[in-house]
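# Survey of secondary and tertiary structure
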Amino acid sequence: MADSTLLTVEDLSVHFSTSRGTAHAVDRVSFSIEKGETLALVGETGCGKSVTARSILKLVPEPPGRYASGSIRLANPDGSSTDMLAAPMREVRAIRGERISMIFQDPGKALNPALTIGRQLAEVFGEHRLGMILERAGLDPDKARPTARRIAQQRAGATRRRVYSLTNRVTSRALQRSIDEAVMAALADTGIPNTRKIMASYPHELSGGMKQRVMIAQALACDPDLLVADEPTTALDVTIQARILELIHEMQQRRGTAILYITHDLSIVRQFADRVAVMYAGRIVESGRAIDVLTAPQHPYTQGLLAAIPRPGTPRGQLEAIPGSVPQLIDPPAQCHFASRCKWAAPACSAAVPRLLAVRPMHETACFRYESAESVGMPQEDMPARIHHEGATAE
Ligand SMILES: Nc1ncnc2c1ncn2[C@@H]1O[C@H](COP(=O)(O)OP(=O)(O)OP(=O)(O)O)[C@@H](O)[C@H]1O
């Protein structure tokens, strides 16, 4: 693992047992994330983005899921690495929240139904942002650190009497005020009005959009090395979306956080991602720097996705949608999954799985058009013809 690499996913396959057979939700996926960079994972619904994201935190339910192959290695500060799939659960749990945090599509899963919002966020702040809390309270970190932890625990459920038995009353009040202020500010940052009322509420008392914002505030407060954001803003209106993206960006600047951003929205990729990986039917079919993939896409699927984006001034009905739908993932045949939807498909495409091949530095695509006929063992006439795309430099 290079010094600058934070996470390396290698040959990851995740299968689900279903009554109809084995669903190959993620099929031999490899990618890496550098420290501080934003990698966007894009693709249509059902192509395996969320399962990939959950695998990083080892959150795929087993059964029905199963990690069929691969490793997910997180670089440690001492130069070693932890394979999230092989590490003991105790170690995986310690990494969740502390080094990798996740914003889920469904906020319900990330919040504890039994605690008020104020209490669960206080715990996160007490655990992960203690330095900032102490500074704001005007306290000496060396003396006040254990006290602050206890107070955060108390806010998160321990008994008041126990905390007061352990702490000095004045320090305790200053800290509690500081934690509450930090929590309120974090909630207000995500556009939540009336933060005091929200802090006193339980998750079930909040709307979906409100819960989503609480979860985002919680994930950002963890100050992780890696934030995995799975369509974090889909349920939110456009102004709030822009604010959330700004907050994520601010944290990245402050902390050097790496981000895996999962989205359908290619305009977000354009604005925020350094690199992009395009997934189709469980596999990565193209990856590269965002600018290269967006301006000179090489895979017919990526080209189709980009052609389907509505542009200002495009008359209705003139958008090029990709014909057909994502194929079955149950016991899939060993072939290019996109062949049935591809206008350049040739016999070679149904005979084998295309490998990811560099078409220029840092830009790879899995399409037989970039293979030579000899390497695939096909007659030239059975190979798909290469096409030239505007801006492409690959021959
Ligand atoms: N618990 C499960 N049991 C069976 N199949 C599952 C399970 N979870 C996911 N899958 C399958 O894995 C495939 C990938 O799903 P995934 O949620 O990763 O897609 P996605 O690209 O994130 O889509 P979306 O954008 O809609 O979330 C889908 O075909 C889905 O049906």
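Residues numbered from 1 in each chain as written. Predicted model: local features only at pLDDT ≥ 70, side-chain atom pairs only at ≥ 80, totals over all residues. Heavy atoms only, no water.

- Naming follows an unreviewed UniProt entry, where the protein appears as Oligopeptide/dipeptide ABC transporter ATP-binding protein of Microcella alkalica.
- Looking at the Subcellular location (unreviewed entry) heading of the UniProt record, one finds this comment for the protein: "Cell membrane".
- You can read under Sequence similarities (unreviewed entry) in the UniProt record for the protein the words "Belongs to the ABC transporter superfamily." (UniProt positions renumbered as here; feature names shortened; annotations may be inferred.)

## So, the overall build of the protein
- The helix and strand tally for the protein stands at 14 helices and twelve strands.
- Burial status across the protein gives 53% buried among its 395 residues.
- Sequence separation of at least 24 residues holds for 65% of the intrachain contacts in the protein that already meet a minimum separation of 6.
- For the protein, the computed accessible surface area is about 18400 Å², with 51% contributed by carbon and sulfur atoms. (Helix = DSSP H or I, 4+ residues; strand = E, 2+ residues; numbered from the N terminus. Buried < 20%, exposed > 50% of the residue type's maximum accessible area, 1.4 Å probe, protein only. Contact = heavy atoms within 4.5 Å. Areas by Shrake-Rupley, 256 points an atom, 1.4 Å probe, with all protein chains shown as cover.)

## Remarks on the layout of surface pockets
- Computed from the structure, the largest pocket encloses a volume of approximately 560 Å³.
- Arg96, Gly97, Ala110, Gln218 and Cys222 are the residues nearest the centre of the largest pocket, which is lined by 24 residues in total.
- When residues of the lining of the largest pocket are traced back to their parent elements, those giving at least two are strand S6 (100-103), helix H3 (117-128) and helix H9 (208-221).
- Counting residues per element, the lining of the largest pocket draws most heavily on H3, which supplies five residues.
- Residues belonging to the lining of the largest pocket are distributed by class as follows: twelve nonpolar, six polar and six charged.
- Reported here for the second largest pocket is a volume of approximately 350 Å³. (1 Å grid on protein atoms, 1.4 Å probe; cavity = no way out; pocket = protein on both sides within 12 Å on 5 of 7 lines; lining within 4 Å. Points joined across faces, edges and corners; volume = space filled by probe spheres on them. Nonpolar A, V, L, I, M, F, W, Y, C, P; charged D, E, K, R; others polar.)

## Some points on the pattern of salt bridges
- A complete count under the given rule lists 13 salt bridges for this structure.
- The partner of Arg28 in a salt bridge is Asp11, and the shortest N-O contact between them spans 2.9 Å. In this pair, Arg28 sits in strand S2 (residues 21-34) while Asp11 sits in strand S1 (residues 5-18), placing the two residues 17 residues apart along the sequence.
- Under the relative-accessibility criterion, Asp11 is labelled partly exposed at 27%.
- In this structure, Arg275 engages Glu37 in a salt bridge whose closest nitrogen and oxygen atoms are separated by 2.6 Å. Here Arg275 is found in strand S9 (residues 275-280), whereas its partner Glu37 is found in the loop between S2 and strand S3 (38-42), with 238 residues between them in sequence. Like Glu37, Arg275 is buried.
- Connected through shared salt-bridge partners, Asp189, Arg243, Glu246 and Glu250 make up one network. (Salt bridge = Lys/Arg side-chain N within 4 Å of Asp/Glu carboxyl O.)

## Details of the sheet that holds strand S12 (residues 363-365)
- Sheet architecture is open: eight strands sit in the order S6-S7-S8-S3-S9-S10-S12-S11, paired in mixed fashion. With one partner strand each, in any of the chains shown, S6 and strand S11 (357-360) form the two edges of the open sheet. Strand-to-strand twist in this sheet, taken as the mean axis angle between neighbours without regard to direction, amounts to 20 degrees.
- Strand direction decides the pairing type here: S9 and strand S10 (residues 283-289), joined by six bridges, are antiparallel. Each bridged residue has a counterpart across the sheet, and for Tyr280 the counterpart in S10 is Arg283.
- Lying on the sheet, H9 is in contact with S6 and strand S7 (226-230); it crosses S6 at an angle near 170 degrees. (Pairing = 2+ DSSP bridges. Axes fitted to C-alpha atoms, helices over the stretch in contact; angles between N-to-C directions.)

## Description of the pairing of S1
- Across the 14 residues that make up S1, a large majority, ten, are buried.
- As judged from the ten bridges shared by S1 and S2, these two strands associate in the antiparallel manner. Across the sheet, Phe16 pairs through a bridge with Ala23, a residue of S2.
- Where S1 hands over to S2, the hairpin turn is made up of two residues, counted between the paired strands.
- Relative to strand S4 (residues 65-75), S1 runs antiparallel, the two sharing eight bridges. Directly across from Thr8, in S4, lies its bridge partner Arg73.

## Structural notes on the site of the ligand
- Lining the immediate surroundings of the ligand are 14 residues, of which Gly46, Lys49, Ser50, Val51 and Gln105 lie closest.
- Backbone polar atom of Gly46 to an oxygen atom of the ligand: 2.8 Å apart, as the coordinates give it.
- The side chain of Gln105 places a nitrogen or oxygen atom 3.0 Å from an oxygen atom of the ligand.
- Starting from 630 Å² of accessible surface for the ligand in isolation, the protein chains cover 68%.
- With three residues, the top contributor of residues to the shell around the ligand is helix H1 (residues 49-56).
- Class assignment for the residues of the shell around the ligand results in six nonpolar, six polar and two charged. (Near = heavy atom within 4 Å. Polar contact = N/O pair within 3.5 Å; in protein donor to acceptor, adjacent residues only side chain to side chain.)

## Thoughts on the sheet that holds strand S5 (residues 81-83)
- The antiparallel open sheet is built from four strands, whose spatial order is S2-S1-S4-S5. With one partner strand each, in any of the chains shown, S2 and S5 form the two edges of the open sheet. Sheet twist, expressed as the average angle between the axes of neighbouring strands with direction ignored, equals 10 degrees.
- As paired elements, S4 and S5 share three bridges and run antiparallel to each other.

## Observations concerning H9
- Its 14 residues give H9 an end-to-end C-alpha distance of 20 Å, which sits within 8% of 20 Å, the value for a rise of 1.5 Å per residue.
- Backbone geometry just after H9 places Asp223 at a positive phi near 50 degrees. (Expected span 1.5 Å × (residues − 1).)

## A look at unusual backbone geometry
- Each neighbour pair has its own omega, and for Glu62 with Pro63 the value is -15 degrees, a cis peptide bond.
- Tracing the sequence through the fold places Pro63 in the loop between H1 and S4.
- In this structure, Pro64 follows Pro63 across a cis peptide bond, with omega equal to 10 degrees.
- If you check the backbone angles, Asp223 has positive phi at about 50 degrees while not being a glycine.
- In this fold, Asp223 is placed in the loop between H9 and S7.
- A positive phi angle is found at Asp331, which is not glycine, with a value near 35 degrees.
- Note that Asp331 resides in the loop between helix H13 (300-307) and S11.

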